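Inside the fold
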There are 4 protein chains.
Amino acid sequence: MIFNTSAQLDYSVNGESSILASVKCLCSSSQRLISENFTTSRQVELEDLEVDSAVGRSTRIKVLESGPLTLNYQAQVETSYEVVEGASLAHPILSDLTGAILPFLYPSRYCQSDRLRHVATDIAETESSAFAKASSVVAWVYSHINYSIGISGPSDSAVDTLLNRQGVCRDFAHLAISLLRALSIPARYVTVYAHQLQPQDFHACLEAYIGGRWCFFDPTHLAPLNGVVKIARGRDAADVAVANLIGDIGNSSFQVSCDCADPSFQPLTQQSLHEKGQAIIFS
Amino acid sequence: MIFNTSAQLDYSVNGESSILASVKCLCSSSQRLISENFTTSRQVELEDLEVDSAVGRSTRIKVLESGPLTLNYQAQVETSYEVVEGASLAHPILSDLTGAILPFLYPSRYCQSDRLRHVATDIAETESSAFAKASSVVAWVYSHINYSIGISGPSDSAVDTLLNRQGVCRDFAHLAISLLRALSIPARYVTVYAHQLQPQDFHACLEAYIGGRWCFFDPTHLAPLNGVVKIARGRDAADVAVANLIGDIGNSSFQVSCDCADPSFQPLTQQSLHEKGQAIIFS
Amino acid sequence: MIFNTSAQLDYSVNGESSILASVKCLCSSSQRLISENFTTSRQVELEDLEVDSAVGRSTRIKVLESGPLTLNYQAQVETSYEVVEGASLAHPILSDLTGAILPFLYPSRYCQSDRLRHVATDIAETESSAFAKASSVVAWVYSHINYSIGISGPSDSAVDTLLNRQGVCRDFAHLAISLLRALSIPARYVTVYAHQLQPQDFHACLEAYIGGRWCFFDPTHLAPLNGVVKIARGRDAADVAVANLIGDIGNSSFQVSCDCADPSFQPLTQQSLHEKGQAIIFS
Amino acid sequence: MIFNTSAQLDYSVNGESSILASVKCLCSSSQRLISENFTTSRQVELEDLEVDSAVGRSTRIKVLESGPLTLNYQAQVETSYEVVEGASLAHPILSDLTGAILPFLYPSRYCQSDRLRHVATDIAETESSAFAKASSVVAWVYSHINYSIGISGPSDSAVDTLLNRQGVCRDFAHLAISLLRALSIPARYVTVYAHQLQPQDFHACLEAYIGGRWCFFDPTHLAPLNGVVKIARGRDAADVAVANLIGDIGNSSFQVSCDCADPSFQPLTQQSLHEKGQAIIFS
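Residues numbered from 1 in each chain as written. Chains lettered and ligands numbered in written order. Predicted model: local features only at pLDDT ≥ 70, side-chain atom pairs only at ≥ 80, totals over all residues. Heavy atoms only, no water.

Looking now at the overall build of chain A. Scanning chain A from N- to C-terminus turns up five helices and 15 strands. In chain A, buried positions account for 60% of the 283 residues. Contacts in chain A between residues at least 24 apart in sequence constitute 78% of all its contacts with a sequence separation of at least 6. A total accessible area of about 10600 Å² is found for chain A, and carbon and sulfur atoms account for 47% of it. Here chain A contributes 19 positive and 29 negative side-chain charges, whose respective centroids are spaced 4 Å apart. (Helix = DSSP H or I, 4+ residues; strand = E, 2+ residues; numbered from the N terminus. Buried < 20%, exposed > 50% of the residue type's maximum accessible area, 1.4 Å probe, protein only. Contact = heavy atoms within 4.5 Å. Areas by Shrake-Rupley, 256 points an atom, 1.4 Å probe, with all protein chains shown as cover. Lys, Arg positive; Asp, Glu negative; His and termini not counted. Charge placed at Lys NZ, Arg CZ, Asp CG, Glu CD.)

Next up, the structure:
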């Protein structure tokens, strides 16, 4: 499936400063970059950067002079995925996890999995397989957290969301990731562009490592699972901020779009996969 | 300087399980491994492992049968270091940090630097250079936190330590790291063996990235800075636990030693370096 | 039923200081004081005091000279109670609560009922009557929290206990009280002497206001409900500490006893009342 | 000095419900009620109520029918006060505090004074008298917290405000009260109407008990200290909410006014009293 994505970020820069932007689409075996274009409204210094704590394609923009600055990104991307039966996915064998997977079992800034072991056990205790546990965690988060913009803040973490029962995609993902790790299922945070997301915005989802595969989930149920284009992934939002600002930079506004080039696009919803006991995997 | 280090970890294993131990000494340009020996009290499966979130040499021990298990490690290591004038170290230029350094600016599970910006600014506001800021943060933590065993717990983080004013080396390191990151100074958690540490135990310190170098600090003032042998480093204790246990494993006890082979060893104390405005660097 | 209670508190006093002790038995229509005796091991100034935030009989002890000090209290008390069918107790009508009851609906230091509305609703959502809700909250706390001495600390509150799932009587009471208030059921903290409590200690329970009566619950299941002699009650432990120490006072040890004078005492357990849908009320 | 105050509260009521409003002016030796008028836009049941946890004049409004409801209150009040030299106020002698004062030393929901002892000591350590400590705490809160509407929420407490350094009058008061209690100075939360407050709103301040008197402080510096008309006081905002709503009630808006009848009113500012080392007391 081919998607056209775009992002426009507007800043007001005051003095020498820099922006570390994470808006470029990931390149992987399941996500092929056909073309992309990154432009700025005026002369700045651009640098591609790989940051160790995340998998993604960051861009560092150094700005020497004050004034407005707009970043523009467009890409055409082809994604592929697989839908598998959850029942076919074995439980992760902790003693066989590689050093690349293990960090996704550990607690992180916004995902205090060490404090949520009992809550996670309560939620998933009747399930036996890892996939069923993960599926019930994601369903619990969807049904117990109220999607609500403007309530949660940037320092809120999984424990806050568990108590407040309100938040945005970031909060949904952090809580679900924490509960999964608490159940010994590795889980990671993924930022995406999402076709048919209303309103269009950067979106956050998660992947859980089950049976040797990374299964993709959206606990908000807002994005079609086959309509996402991945940007970056890490342990939580601390690793994959869309933009880290250094210096006196303000008044940002965002515009995001993601459109499927194929008019016959049929959304695969989190709800339908949950009901069928299936998982979507971007291998 | 040559050090002989050892660690003995005793476990009582109940059923199939595994241990991810991080006790082997780091190998680097400033820490040369002369010899080492890792043995177990009975037949188990051993695997060397590099975990992505830390720099260190982990060992995975798979145990199939119940019963007591003892791990023994001895190593002879030669370390070298440099003492530099703090005044010679420039402020880190955030916009030039590499992707390997940037993650040490981000908040992590036990280091909520995003919540401590104002406290950090209060502590270091009269200092102008990055080294002076770092030095005053470490001195503040030393003088305001009471070293006290048995009060803090594994889920305590920098905010707790800031309020409770009590803790062990781990808590001192987490608080100092958080304050440093809040001041835009990259900082990382380092586990070490430490000569003359009383009582002998695994110890936690930190490194701050200033002027392109990683300066080593011990906010507890308990270890001679030139008497440490490094084991591993990461964003915080979540990344570099001495042992992660999977399965039903209990009753652990530890014995640790670290001795300098040179009888003329002269300790460089954190206090004396602080007073002289100097930094120790293991390049 | 007649009980003989005693408490001995040993202190080491250093300089002029004072102790506000809350060890005397309450006097009420359901708890008649037959005799009591309060002595100190040396000459001090004693004052009876009623503290506005609690119902209880505090004693202020002013100590002018350093040295050991022992407080001794013995009392003989007759208690009476009523066992009623929970089904007979109506839901509290919030708009009819008096000004004496309303504060027990509000959050307090260790009972953040405002943060636990959703958790409380999850626990009791299938129950319709206030008594059934209260009963299920107490049963949930009993079955989900592990009684464990030495884990929780004096600054732990209901949210901590909810996550950690461990604590002592104080923690059990705080969590249950918070959940009750979150369900709009007034609830208060009660300190007691308890016959057959093993080991003997001061104990904390709670009362919930249902159908115009204060129903007594012990979420730890450790005390026979008809074996308690009340000391004081308030919004939470901040209001009814056994002893508030002012000055340099240390090394305290406690000895407590509570014995029923009637050898045929038959314990009414929390478990049995729960199963029968009954409530115990000290009118 | 004579003030005319008014409050209008607009609600949209959905079904049988009730409102517990705390808008009437306090009557005391320093605040004489000349006249007052409480009306409602339609027929409801009104009841005067004294709630044990606060000193104030609550009004319970029972509403049987759905629809809009407006509460209107006007009062004319004469207040008197005294300005004293802070140096004349002795330190509170803890062992002489009465049972009416002691609860204001204890931690409460939003004032976790037990967690802030070290921070409070840091702030006031160079001061010797209780008044100087209190004065420096209030000045510290004023200079370190940024008055900012829409950032803090109803579950934020003193620890949050200490870290976030942002909030409204309620947050300023909670933090200052907590720090005062942590220094063993009793402190209470006071809601007021305030002349010349911009924009007009209900306002929260505090009183600290020093030398046997309750000294009034406004850590926001927004109200003239001699321009306040008191409504209610308690341990913190949990005790003295302007309105507690029971049932399905929404869409509230507030309008508040407080005007001095004397055109020659000269404001006494917190800043000027602080500089002169003086305290204002409503005896």
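We are not done yet, so read on.
Further remarks concern the interface of chain B and chain D. Each partner contributes residues to the interface: chain B has 13 residues there, and chain D has 13 residues. Buried surface at the junction of chain B and chain D, summed over both partners, amounts to about 1100 Å²; 50% is from carbon and sulfur atoms. Contact with chain D buries area across many residues of chain B, yet R115, L163 and R165 of chain B alone supply 53% of it, more than any other trio. Between chain B and chain D we count four salt bridges in total. In this structure, R115 of chain D engages D160 of chain B in a salt bridge whose closest nitrogen and oxygen atoms are separated by 3.4 Å. At the junction of chain B with chain D, the criterion picks out four residue pairs in polar contact (both at pLDDT 80 or more). Breaking the side of chain B that touches chain D down by element, the ones donating at least two residues are helix 1 (117-124), helix 2 (130-144) and helix 3 (158-164) of chain B. The element best represented in the side of chain B that touches chain D is helix 3 of chain B, accounting for five residues. (Buried area = accessible area lost by both parts, 1.4 Å probe. Salt bridge = Lys/Arg side-chain N within 4 Å of Asp/Glu carboxyl O. Polar contact = N/O pair within 3.5 Å; in protein donor to acceptor, adjacent residues only side chain to side chain.)

Residues and elements named next belong to chain B. Taken as a whole, this structure holds 52 salt bridges over all chains when the rule is applied. R57 is the partner of E36 in a salt bridge, and the nearest nitrogen-oxygen pair spans 2.5 Å. One end of the pair, E36, is in strand 2 (residues 31-40); the other, R57, is in the loop between strand 4 (55-56) and strand 5 (58-63), with 21 residues separating them in the sequence. A relative accessible area of 31% places E36 in the partly exposed class.

Mapping chain B onto chain D calls for a screw motion: a turn of 180 degrees about the axis and a shift of 0.0 Å along it, with 0.0 Å RMSD after fitting. The superposition of one copy onto the other is thereby described by a two-fold rotation axis. Considering only C-alpha atoms, the part of chain B nearest the rotation axis is V159 of chain B, at 4.8 Å. When the interface residues of chain B are mapped onto chain D, 100% of them again fall at the interface, so both copies present the same face. (Least-squares fit on C-alpha atoms with pLDDT ≥ 70 in both.)

With respect to the helices and strands, the residue V51 of chain A is situated in the loop between strand 3 (45-49) and strand 4 (55-56). By relative accessible area, which is 6% here, V51 of chain A ends up buried. For the pair formed by V51 of chain A and D239 of chain A, sequence separation is 188 residues and the distance between their alpha carbons is 8.7 Å. When neighbours within four sequence positions are excluded, V51 of chain A is seen to be in contact with L20 and S58 of chain A together with G99, L102, P103 and Y106 of chain B.

This next bit is on the side chain of E207 of chain C. Residue and element names in this part refer to chain C. Note on placement: E207 falls in strand 11 (residues 203-210). For E207, a relative accessible area of 0% translates into the label buried. Polar side-chain contacts of E207 include one of 2.8 Å to the side chain of R188. A polar side-chain atom of E207 sits 2.5 Å from a polar atom in the side chain of K230.

Counting from both sides, the interface comprises 32 residues of chain B and, opposite them, 32 residues of chain A. Buried surface at the junction of chain B and chain A, both sides included, amounts to about 2500 Å², of which 53% is carbon and sulfur. When the buried surface of chain B facing chain A is broken down by residue, S95, Y106 and R109 of chain B rank first, second and third, together holding 22% of it. Close ionic contact of D114 of chain B with R109 of chain A constitutes a salt bridge, the shortest N to O distance being 2.9 Å. Sorting the residues of the side of chain B that touches chain A by element identifies strand 1 (2-21), strand 5 and strand 14 (243-260) of chain B as the ones contributing at least two each. Across the side of chain B that touches chain A, the residue classes break down as 14 nonpolar, eight polar and ten charged. (Nonpolar A, V, L, I, M, F, W, Y, C, P; charged D, E, K, R; others polar.)

Residues and elements named next belong to chain B. The buried count for strand 10 (residues 187-194) comes to eight of eight residues, which makes it a mostly enclosed element. Relative to strand 11 (residues 203-210), strand 10 is paired through six bridges, and the arrangement is antiparallel. Bridge pairing in strand 11 places A187 opposite A208. The sheet contact formed by strand 10 and strand 13 (residues 228-234) spans six bridges and is antiparallel. The residue bridging V190 from the neighbouring strand is R233, located in strand 13. (Pairing = 2+ DSSP bridges.)

Another aspect to go through is the pairing of strand 15 (residues 278-281) of chain B. Residues and elements named next belong to chain B. Taking every second residue as pointing to the same face, both faces of strand 15 are buried, with Q278 and I280 on one and A279 and I281 on the other. By the bridge criterion, four bridges tie strand 7 (residues 82-85) to strand 15 in an arrangement that is antiparallel. In the sheet register, E85 faces strand 15, and the bridge partner there is Q278. Here strand 12 (residues 213-217) runs beside strand 15; their pairing, made up of two bridges, is antiparallel. When the sheet's bridge partners are listed, C215 is paired in strand 15 with I281.

Now for the packing of aromatic side chains. All names here are of chain B. Per the stated rule, a full pass over the model turns up 40 aromatic pairs over all chains. Between the aromatic rings of Y147 and F172, the centroid separation amounts to 5.9 Å while the plane-to-plane angle is 45 degrees, which identifies the pairing as tilted. Of this pair, Y147 sits in strand 8 (residues 146-147) while F172 sits in helix 4 (residues 169-182), placing them 25 residues apart in sequence. The exposure class of Y147 is partly exposed, given its relative accessible area of 35%. (Phe/Tyr/Trp six-rings, centres within 6.5 Å; stacked < 30°, edge-to-face > 60°.)

The next thing to look at is the sheet that holds strand 15 (residues 278-281) of chain A. All names here are of chain A. The sheet built from seven strands is open, its strands ordered 4-13-10-11-12-15-7 with antiparallel pairing. Each edge of the open sheet carries a strand with a single partner, namely strand 4 and strand 7 (82-85). The pairing of strand 11 (residues 203-210) with strand 12 (residues 213-217) spans five bridges and is classified as antiparallel. Paired with E207 across the two strands is F216, which belongs to strand 12. The sheet contacts of helix 2 (residues 130-144) involve strand 11, strand 12 and strand 15, and relative to strand 12 the element is tilted by about 20 degrees. Across the face of the sheet, helix 4 (residues 169-182) comes into contact with strand 10 (187-194) and strand 11 while running at roughly 15 degrees to strand 11. (Axes fitted to C-alpha atoms, helices over the stretch in contact; angles between N-to-C directions.)

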